[in-house]
Amino acid sequence: MADPVAGIAGSAAKSVRPFRSSEAYVEAMKEDLAEWLNALYGLGLPGGGDGFLTGLATGTTLCQHANAVTEAARALAAARPARGVAFQAHSVVPGSFMARDNVATFIGWCRTELGVPEVLMFETEDLVLRKNEKSVVLCLLEVARRGARLGLLAPRLVQFEQEIERELRAAPPAPNAPAAGEDTTETTPAPGTPARAPRMTPSDLRNLDELVREILGRCTCPDQFPMIKVSEGKYRVGDSSLLIFVRVLRSHVMVRVGGGWDTLEHYLDKHDPCRCSSTAHRPPQPRVRTFSPQRLSPTPSPRPASPVPGSERRGSRPEMTPLSLRSTKEGPETPPR
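This report concerns the structure included in the present document. (Residues numbered from 1 in each chain as written. Predicted model: local features only at pLDDT ≥ 70, side-chain atom pairs only at ≥ 80, totals over all residues. Heavy atoms only, no water.)

What follows concerns helix 9 (residues 264-271). Counting buried positions over the eight residues of helix 9 gives six, a clear majority of the element. All of the buried residues in helix 9 are L264, E265, H266, Y267, L268 and D269. (Buried < 20%, exposed > 50% of the residue type's maximum accessible area, 1.4 Å probe, protein only. Helix = DSSP H or I, 4+ residues; strand = E, 2+ residues; numbered from the N terminus.)

A word on the packing of helix 3 (residues 60-75) against helix 4 (residues 97-114). Interhelical geometry of helix 3 versus helix 4 gives an angle of 30° and a closest axis separation of 8 Å. If you check the angle between helix 3 and helix 4, you find them roughly parallel. The handedness of the crossing between helix 3 and helix 4 comes out as left-handed. In this structure, helix 3 contributes T60, L62, C63, A66, V69 and T70 to the contact, and helix 4 contributes N102, T105, F106, W109 and L114. Here the contact of helix 3 with helix 4 is composed, by residue class, of seven nonpolar, four polar and no charged. (Axes fitted to C-alpha atoms, helices over the stretch in contact; angles between N-to-C directions. Parallel < 35°, antiparallel > 145°, perpendicular 65-115°, else oblique. Left-handed = near helix turned anticlockwise from the far one by under 90°. Contact = heavy atoms within 4.5 Å. Nonpolar A, V, L, I, M, F, W, Y, C, P; charged D, E, K, R; others polar.)

The next thing to look at is unusual backbone geometry. In the segment running from R80 into P81, the intervening peptide bond is cis, with an omega of 0°. Along the chain, P81 turns up in the loop between helix 3 and helix 4. Of note in this structure, R130 is not a glycine but carries a positive phi near 55°. In this structure, R130 sits in the loop between helix 5 (124-128) and helix 6 (133-148).

Tallied over the entire structure, the rule returns 17 salt bridges. Between E163 and R247 there is a salt bridge, with the nearest N and O atoms lying 2.9 Å from each other. One end of the pair, E163, is in helix 7 (residues 156-170); the other, R247, is in strand 3 (residues 242-249), with 84 residues separating them in the sequence. Residues E163 and R247 agree in their burial class; the two are buried. Between E167 and R247 there is a salt bridge, with the nearest N and O atoms lying 3.7 Å from each other. Of this pair, E167 sits in helix 7 while R247 sits in strand 3, and the two are 80 residues apart along the sequence. According to the relative accessible area criterion, E167 is partly exposed, its value standing at 24%. Among the charged side chains, a salt-bridge network with shared partners connects E142, R145, R146, E161 and R256. (Salt bridge = Lys/Arg side-chain N within 4 Å of Asp/Glu carboxyl O.)

A few words on empty space enclosed by the protein. Empty space among the atoms becomes apparent when a probe as large as a water molecule is rolled across them. The final tally for this structure, using the stated rule, is three cavities of 30 Å³ or more. In this structure, the largest cavity occupies an estimated 50 Å³ of space. Along the walls of the largest cavity sit W36, L37, T61, L62, H65, F106, L140 and V143, which together make up its complete lining. Those elements giving two or more residues to the lining of the largest cavity turn out to be helix 1 (24-41), helix 3 and helix 6. The element contributing the most residues to the lining of the largest cavity is helix 3, with three residues. (1 Å grid on protein atoms, 1.4 Å probe; cavity = no way out; pocket = protein on both sides within 12 Å on 5 of 7 lines; lining within 4 Å. Points joined across faces, edges and corners; volume = space filled by probe spheres on them.)

Our focus in this paragraph is the pairing of strand 5 (residues 260-263). Burial along strand 5 is two-sided: G260 and D262 and W261 and T263, pointing in opposite directions, are all buried. Two elements, strand 4 (residues 252-257) and strand 5, share four bridges in a ladder whose sense is antiparallel. Residue pairing for strand 5: R256 is matched across the bridge by W261. Connecting strand 4 to the antiparallel partner strand 5 that follows it, the hairpin turn spans two residues, and G258 within it adopts a positive phi of roughly 60°. (Pairing = 2+ DSSP bridges.)

Here H252 is to be found in strand 4. When its relative accessible area of 0% is taken as the criterion, H252 is described as buried. At 3.4 Å, the side chain of H252 and the side chain of E31 are in polar contact. (Polar contact = N/O pair within 3.5 Å; in protein donor to acceptor, adjacent residues only side chain to side chain.)

A word on helix 1. Here helix 1 is 18 residues long and its end C-alpha atoms lie 26 Å apart, about the 26 Å a rise of 1.5 Å per residue gives. Buried residues dominate helix 1, accounting for 14 of its 18 residues. G42 occupies a position one or two residues after helix 1 and carries a positive phi of about 65°. (Expected span 1.5 Å × (residues − 1).)

What follows concerns the nonpolar core. In this structure, F52 and F106 are the most contacted members of the largest nonpolar core, which totals 51 residues. At the level of elements, helix 1, helix 2 (51-56), helix 3, helix 4, helix 5, helix 6, helix 7 and strand 3 are the ones that each hand at least two residues to this core. The element that contributes the greatest number of residues to this core is helix 6, accounting for nine residues. Dropping the residues within four chain positions of it, F106 is found in contact with L62, C63, A66, F122, L140 and V143. In this structure, L208, L216, V255 and L268 belong to the second largest nonpolar core, which totals 18 residues. (Core = buried A, V, L, I, M, F, W, Y, C linked by side-chain atoms within 4.5 Å.)

Here is the structure:
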């Protein structure tokens, strides 16, 4: 079966928490991945700031997880990944040659053994020097998805995705009600894979509705962007029949878009005309004229009764020069063009 999350696209987001728009969704995913790796390997990775990438910069945890996914695949007789990795596990300093070698080994394993799409891959410098943390986060999230199909513990976002996929399979497809970029292709888990998905408690749902109303209430326009609740965690947005799935990830309100996630506030920034910063959604602004409209109009010709001295110039139009000023030396008159 085709992978419904193979085409995940990264997008910037703006969260309930005071992050910048280009940082919020990355911070939310980093928190989720840090909690996931801490639960798997008993680490103390911080979720915020640079501590998450700094803790992974040696590459030892990444290679350890690569071998854990390989062992899970062998236990279930899965086709891939077939081979693990050999790495340096002790006395590795972040930024050293051994650390770079470990990270490069993990990247090669993701590309060749796990089959992670190239659009989700990252480079060694992205992690070691923290040049592109978004690529690192998206790659780790995809590795977590594939490990979850083999029975490994999944991050909360991946569990939400599994819950949404089951909900889409259980509900009959409604006409004219497409999900927000959701690929409904079923994912076939490996045999014996336990189903791990969180169940949203009533308190979580009540908190979700409150947070959604709070974010919508930040717009003070008389005609607010419509967002109608269809069911628990499902909303219809805009004037169309587009449906989106909304979940609460700690203090973040996350929206399932395409194969990935966005924050609700940034999703509204991109679709609500009064919030959107794109020029396509901005109302037309009055342009302040700095020149006279008549400046570009052609200069009227001088009257024949009042010729202007020196008006007979090279290249001048014949109708602008009176015939009485033409010299007899110019030969016979030629009709104007």
